[in-house]
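Summary of the model geometry
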Amino acid sequence: MIKSFDVANIRCEGCASTIEKALSEHFGNSVEIDLSVMPRKVTVDLADASQEELFIATLRKLGYPLINDELSGIEGAVMKGKSFVSCAVGKFNPTKEK
């Protein structure tokens with residue numbers, strides 16, 4: 001089942017690269033990130049509900065919560081910090097050739 005999610009903290013190709021690399025371990029090449037819309041959309045092919053939980057947990061681990069996630073002020077700040085680090089990693093280790 002193909003599903004799209006609105007994801008916070010995605011700013012650039014570096015962010016997208018990190019997300020694609022992390023999610024590809026579980027979802028192969030079925031991950032698409034649309035950087036042309038706000039909020040950013042991440043689309044993935046999920047086999048079942050347990051995969052959706054894994055998808056969301058993987059994004060949060062990298063600092064990219066879903067837009068509708070309820071985060072405290074501290075959680076939000078931690079997520080932003082994690083996403084900046086993930087973004088930098090993605091810029092230095094891109095998944096796609098430019």
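Quick summary incoming for the structure in this document. (Residues numbered from 1 in each chain as written. Predicted model: local features only at pLDDT ≥ 70, side-chain atom pairs only at ≥ 80, totals over all residues. Heavy atoms only, no water.)

1. Some words on the pattern of salt bridges
In a structure, side chains of opposite charge can pair up when their charged atoms sit close to one another. Per the stated rule, a full pass over the model turns up four salt bridges. Between Asp6 and Lys41 there is a salt bridge; the shortest N-O distance is 2.5 Å. Here Asp6, found in strand 1 (residues 2-7), pairs with Lys41, found in strand 3 (residues 40-45); they are 35 residues apart in sequence, far enough to count as distant. Where Arg60 meets Asp69, a salt bridge forms, and the shortest distance between an N and an O atom there is 2.9 Å. (Salt bridge = Lys/Arg side-chain N within 4 Å of Asp/Glu carboxyl O. Helix = DSSP H or I, 4+ residues; strand = E, 2+ residues; numbered from the N terminus.)

2. Some thoughts on the packing of helix 1 (residues 13-27) against helix 3 (residues 73-92)
Interhelical geometry of helix 1 versus helix 3 gives an angle of 90 degrees and a closest axis separation of 7 Å. It follows from the interaxial angle that helix 1 and helix 3 lie roughly perpendicular. Contact residues: Gly14, Cys15, Ser17 and Thr18 in helix 1; Ser86, Cys87, Val89, Gly90 and Lys91 in helix 3. (Axes fitted to C-alpha atoms, helices over the stretch in contact; angles between N-to-C directions. Parallel < 35°, antiparallel > 145°, perpendicular 65-115°, else oblique. Contact = heavy atoms within 4.5 Å.)

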